[in-house]
Amino acid sequence: IFAVETEIKSHTTIRQTRVWIFKPGKWLLVFDWFHDNLKAPHTVRQWWHTSPDHIVMLTGDSYKVITKEYSVWVHSLVKGVEAGAVILGQMKPKIQGFWSPAERKAEPAAAFHYALRDRFTASFATLFSLSKEAPKQLYSNIAPSGRKAQFSWNDSNGKHRIKMQRPADGDWQIDYNI
């Protein structure tokens with residue numbers, strides 16, 4: 001298992017953290033945490049963009065991304081998120097669903113997102129799975145601080161469980177069981 005953590009502060013009051021937990025050839029879990037210190041409500045979206053030659057389908061609350069070599073299931077492990085429509089080459093109301101191979105060039109390419117509305121603190125946990133079938137969430141539990149989280153899901157490779165602890169000071173820990 002590999003893991004990477006990043007954090008940024010934007011607009012002087014908003015903190016965002018992203019943790020990538022990766023099991024090569026099997027899955028990638030992207031955990032995002034957002035907090036506005038002024039407690040102003042936001043619609044928060046976690047956007048994903050694909051290559052022009054990828055096909056993206058929304059099936060229930062999961063996306064299936066089909067490439068020439070394989071398929072990837074994209075599934076939220078957080079209850080209450082909204083799966084947005086797949087967007088391809090949209091100009092209005094906002095430009096979305098493009099890929100740029102070079103400066104001043106844009107080609108339509110599928111983009112999709114998960115959203116949470118009216119939140120000053122929000123968490124996303126999005127699983128990218130190379131499983132033959134759509135993953136099924138068993139449970140998730142995320143501390144409001146985003147510093148502790150647990151996730152469990154089933155897929156064609158078995159039952160997976162991740163426990164993550166990211167203390168404000170000191171080493172962070174990830175436990176994974178299958």
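Residues numbered from 1 in each chain as written. Predicted model: local features only at pLDDT ≥ 70, side-chain atom pairs only at ≥ 80, totals over all residues. Heavy atoms only, no water.

Asks: Sorry, what's going on with the sheet that holds strand β11 (residues 111-119) here?
Replies: Within the open sheet, the 3 strands sit side by side as β4-β11-β8. Their pairing is antiparallel. Looking along the sheet, the strands with just one partner apiece sit at the ends: β4 (42-49) and β8 (82-83). Where β4 and β11 come together, 7 bridges link them in antiparallel fashion. Bridging from a neighbouring strand, Gln46 pairs with Tyr114 of β11. (Pairing = 2+ DSSP bridges. Helix = DSSP H or I, 4+ residues; strand = E, 2+ residues; numbered from the N terminus.)

Asks: Help me understand the layout of surface pockets in this model?
Replies: Over the atoms, a rolling probe the size of a water molecule traces out where space has been left empty. In this model, the largest pocket occupies a volume close to 270 Å³. When residues of the lining of the largest pocket are traced back to their parent elements, those giving at least two are β1 (2-10), β2 (14-23), β3 (27-36) and β4. Examining the composition of the lining of the largest pocket, we find that 5 residues originate from one element, β4, more than from any other. Split into classes, the residues belonging to the lining of the largest pocket amount to 6 nonpolar, 5 polar and 4 charged. (1 Å grid on protein atoms, 1.4 Å probe; cavity = no way out; pocket = protein on both sides within 12 Å on 5 of 7 lines; lining within 4 Å. Points joined across faces, edges and corners; volume = space filled by probe spheres on them. Nonpolar A, V, L, I, M, F, W, Y, C, P; charged D, E, K, R; others polar.)

Asks: Even after reading the chapter, I still don't get the packing of aromatic side chains, so can you show me in this structure?
Replies: Centre distance and the angle of the planes are the two values used to describe a pair of aromatic rings. Evaluated as defined, the whole model comprises 6 aromatic pairs. A connected cluster of aromatic rings, assembled from ring pairs, spans Trp27, Trp153 and Tyr176. (Phe/Tyr/Trp six-rings, centres within 6.5 Å; stacked < 30°, edge-to-face > 60°.)

Asks: Help me out: how do you make sense of the pairing of β3 in this one?
Replies: Regular strands place side chains that alternate from one sheet face to the opposite one. Of all 10 residues in β3, 9 are buried, a share of seventy percent or more. Judged from the 10 bridges that link them, β2 and β3 form a sheet pairing that is antiparallel. If you follow Arg18 over to β3, its bridge partner there is Asp32. Taken together, β2 and the strand that follows it, β3, pair antiparallel across an intervening segment of 3 residues, in which Gly25 is found at a positive phi of about 75°. Sheet topology note: the β3/strand β12 (residues 121-129) ladder contains 9 bridges and is antiparallel. Each residue of the ladder has a partner; that of His35, found in β12, is Thr121. (Buried < 20%, exposed > 50% of the residue type's maximum accessible area, 1.4 Å probe, protein only.)

Asks: So what exactly am I meant to see when it comes to the sheet that holds strand β14 (residues 148-155) here?
Replies: Adjacent strands of a sheet pair through backbone hydrogen bonds, lying either parallel or antiparallel. Pairing is antiparallel in the open sheet, where 4 strands are placed in the order β13-β14-β15-β16. Each having just a single partner strand, β13 (136-142) and β16 (173-177) make up the two edges of the open sheet. The mean inter-strand angle of the sheet, taken between neighbouring strand axes irrespective of direction, is 10°. The pairing of β13 with β14 spans 6 bridges and is classified as antiparallel. (Axes fitted to C-alpha atoms, helices over the stretch in contact; angles between N-to-C directions.)

Asks: Can you help me understand the environment of Gln90 in this one?
Replies: Along the polypeptide, Gln90 turns up in the loop between β8 and β9 (98-99). The class for Gln90 is partly exposed, based on a relative accessible area of 24%. For the pair Gln90 and Lys105, spaced 15 residues apart in sequence, the C-alpha separation works out to 15 Å. Excluding residues that lie within four positions of it along the chain, Gln90 makes contacts with Ile95, Gln96 and Phe98. Looking at Gln90, its side chain comes within polar contact range of the main-chain oxygen of Lys94, at 2.8 Å. (Contact = heavy atoms within 4.5 Å. Polar contact = N/O pair within 3.5 Å; in protein donor to acceptor, adjacent residues only side chain to side chain.)

Asks: Just checking my understanding: could you explain the nonpolar core for this structure?
Replies: The tendency in soluble globular proteins is for nonpolar side chains to be buried side by side. Of all hydrophobic cores here, the largest spans 34 residues; its most connected members are Trp27, Leu29 and Val74. It is β3 that provides the largest number of residues to this core, a total of 6 residues. (Core = buried A, V, L, I, M, F, W, Y, C linked by side-chain atoms within 4.5 Å.)

Asks: Would you take a moment to explain the side chain of Thr13 for this structure?
Replies: As for its position among the elements, Thr13 is in the loop between β1 and β2. For Thr13, a relative accessible area of 16% corresponds to the buried category. Those residues in contact with Thr13, other than ones at most four positions away along the chain, are His35, Asp36, Asn37 and Leu38.

Asks: How should I be thinking about unusual backbone geometry in this particular structure?
Replies: Look at the link from Lys92 to Pro93: it is a cis peptide, with omega at 5°. Topologically, Pro93 is positioned in the loop between β8 and β9. A positive phi is found at Arg104, a non-glycine position, where the angle reads about 65°. Take Arg104: it is sitting in the loop between β9 and β10 (107-108). The backbone of Asp118 sits at a positive phi, close to 55°, despite the residue not being glycine. Position of Asp118 relative to the elements: it lies in strand β11.

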